[in-house]
Amino acid sequence: MLSFLLCLALLVVGYFTYGKLVDKSFGADDRETPAVRINDGVDYVVMPQWKLFLVQLLNIAGLGPIFGALQGALWGPVVFLWITFGTIFAGGVHDYFSGMLSERNNGASISEICGIYLGKVMKNVMRVFSVVLLVMVGTVFAVGPAGLIVTLFKNNGASGLVATTLFWLVIILVYYFVATFISIDKIIGKIYPLFGICLIIMAVGVAVGIFTKSEFVIPEIWSNFTNMHPAGKAVWPFMFITVACGAISGFHATQSPLMARCMKSERQGHFVFYGAMACEGAIALVWAAAGCAVYQSTGGLNTGLAEALTMGQSAAIYDVCQKTMGGIGIALAMLGVIACPITSGDTAFRSARLVLADWFKVDQDRWKNRLMLCVPVLGVGAVLGIGNALGYIDYQVIWRYFSWTNQTLAMIVLWAGSMYMAREKKNFWITAVPATFMSAVSVTYFFAADECVNLGLSVAYPIGIIAAAAFLGIFLYAARKQEKKLAK
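Residues numbered from 1 in each chain as written. Predicted model: local features only at pLDDT ≥ 70, side-chain atom pairs only at ≥ 80, totals over all residues. Heavy atoms only, no water.

Counting residues in hydrophobic clusters, the biggest one holds 146 residues, and the most contacted among them are F80, F97, W287 and I317. It is helix α13 (residues 269–294) that contributes the most residues to this core, 17 residues altogether. (Core = buried A, V, L, I, M, F, W, Y, C linked by side-chain atoms within 4.5 Å. Buried < 20%, exposed > 50% of the residue type's maximum accessible area, 1.4 Å probe, protein only. Helix = DSSP H or I, 4+ residues; strand = E, 2+ residues; numbered from the N terminus.)

Spelled out as structure tokens, the structure:
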């Protein structure tokens, strides 16, 4: 329990110290922001800081820090270290730079930002990559809640199950269309803060339940500094990929520009971007602790948690809430596992629309232009969602790649931030170090994972280290070249 509290305290201290250092290194100032300068009443809308924070939190969080943290708890309390230091030195930096670089470039989408600092080839790669990733995320977060609603109401019969799932899927997709199409402050700006508060209350309730019930004991890191994964999965790189949203997540980079278009002042960036990531890290830390404390281990392995997760991640959340909070926990779990994925899905589709708008230079102040992009984006999502509901498309295979693509996107964004800092003759190591680290993680996983190249860890480890060193060398060469160019 003490190690959990220490990690939680480090997150708080990290926000006020390292987060401030990141903000100072970037150089936030009082220049006019895109929300004030452009203000189209649709995507560029000034919102109060407290609302920016809560919307950003729900945009980047949803159920990500819960699902990932519970899965990460399979490795034992060692996951606390990754969540804590990953959030402070990687995730917070990544989210801050993805938001502030967007703010500095008229609220540009992350693909355009990567193009500005990493070149045209990377811009085109990121355009396609971002749209595909966002549509996939939006679709999965439509199908999932629809199925959960059916499960909760315990609809019987195979044909009735499919029909009811399709009904709720259509309802959710209609909501997605409305939320994607209209002004960001009309629906997202109004309901997201409420769901953001619910997400925080849910985590606080779980934490209180663990601390007040004697049957739950959070294991200490120093007493369990071993790999407790029942299947023997190596900590590196698998845990670092599995726990994405609670430590660092490339998906956040697609969401941060939404709030970058709504900030009244650059000085809000520390609280909105770095602060929301620190809060998400705290939420992930609570759920990781719950995974370690609520379920029993056997022979030094987290077999109890593994068994609970075989019922499904949503069922595991429901189980944890019930055991720690009782009836109130069940109500919060039902709200969380349904509402939180939906709130991630609608902003995913909205981000896809904005990426396409930046790509094809389509102004979004006119409703016809928004409609022109919303219809095909949501149309693809509807086809994929219905195909999944009818059993024609298996998302389990696709979803295994999501965590890796998520961390790879984070790696690319950190390199873009590094190049920006090099151009501005500022301390680029603040982004280059986590970029190098994530490069090693992503490349190692790609060559080691069963669903990827599957060469085994003995081969993947040296390849990952060499690749990360090569990426750093290429960056330092490019930064030096840029410095000479600016000196002329």
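Right, picking up where we left off after that structure.
Taken as a whole and judged by the stated rule, the model has 23 aromatic pairs. On the numbers, 5.2 Å between centres and 80 degrees between planes, the contact of F428 with F475 is edge-to-face. Placement of F428 in the loop between α18 (395–423) and α19 (429–448) and of F475 in helix α20 (residues 457–487) is noted, with a sequence separation of 47 residues between them. Under the relative-accessibility criterion, F428 is labelled buried at 18%. Take F475: its relative accessible area is 4%, and that puts it in the buried class. (Phe/Tyr/Trp six-rings, centres within 6.5 Å; stacked < 30°, edge-to-face > 60°.)

All right, on to the environment of M239 then. By secondary structure assignment, the location of M239 is in helix α11 (residues 235–242). Taking the relative accessible area as the measure of exposure, M239 reaches 1% and is therefore buried. In this structure, the C-alpha to C-alpha distance between M239 and A69, residues 170 residues apart in sequence, is 9.7 Å. Dropping the residues within four chain positions of it, M239 is found in contact with W75, V78, V79, W82 and A234. (Contact = heavy atoms within 4.5 Å.)

The end-to-end C-alpha separation of helix α6 (residues 79–104) is 35 Å, in line with the 38 Å expected for 26 residues at 1.5 Å each. Where α6 bends most, at T87, the angle is about 60 degrees. Counting buried residues along α6, 23 of its 26 residues qualify, which places the element largely inside the surrounding structure. Where α6 ends, the next residue or the one after it, N106, has phi of about 60 degrees, a positive value. (Expected span 1.5 Å × (residues − 1). Bend = angle between axes of the 7 residues up to and from the residue.)

Once that is clear, we can look at the environment of F402. Tracing the sequence through the fold places F402 in helix α18. Overall, the relative accessible area of 10% leaves F402 in the buried class. For the pair F402 and F251, spaced 151 residues apart in sequence, the C-alpha separation works out to 9.8 Å. Every residue in contact with F402, bar those within four places of it in the chain, is listed here: L133, M136 and V137.

All of the buried residues in helix α2 (residues 18–26) are Y18, G19, V22, D23, S25 and F26. For α2, the angular spread of buried residues about the axis comes to 165 degrees, placing them on one side. Taken from the residues just after α2, G27 is the one with a positive phi, measuring 90 degrees. (Arc of directions from axis to C-beta.)

Along the chain, T84 turns up in helix α6. For T84, a relative accessible area of 0% gives the class buried.

Computed from the structure, the second largest pocket encloses a volume of approximately 390 Å³. Lining the second largest pocket are 19 residues; nearest its centre among them are Y44, N106, R261, D358 and D363. Those elements that provide at least two residues to the lining of the second largest pocket are α7 (110–118) and α16 (327–360). Per element, the largest residue contribution to the lining of the second largest pocket is 3 residues, and it comes from α16. A per-class count over the lining of the second largest pocket returns 7 nonpolar, 4 polar and 8 charged. (1 Å grid on protein atoms, 1.4 Å probe; cavity = no way out; pocket = protein on both sides within 12 Å on 5 of 7 lines; lining within 4 Å. Points joined across faces, edges and corners; volume = space filled by probe spheres on them. Nonpolar A, V, L, I, M, F, W, Y, C, P; charged D, E, K, R; others polar.)

Along the backbone, F428 and L476 are 48 residues apart, and their C-alpha atoms lie at a distance of 9.9 Å. Here F428 is in contact with S418, M421, A422, F475 and L476, once residues within four sequence places are set aside.

Applying the stated rule across the entire model yields 8 salt bridges. Between R104 and D29 there is a salt bridge whose closest N-O contact spans 3.7 Å. Separated by 75 residues along the polypeptide, R104 in helix α6 and D29 in the loop between α2 and α3 (34–37) bring together distant segments of the chain. Across the pair K323 and D319 runs a salt bridge, and its minimum N-O distance is 3.2 Å. Of this pair, K323 and D319 both sit in helix α15 (residues 313–325), separated by 4 residues, roughly a single helical turn. D319 gets classed as buried once you look at its relative accessible area, which sits at 13%. The structure contains a network of salt bridges with shared partners spanning D29, R31, R104 and E266. (Salt bridge = Lys/Arg side-chain N within 4 Å of Asp/Glu carboxyl O.)

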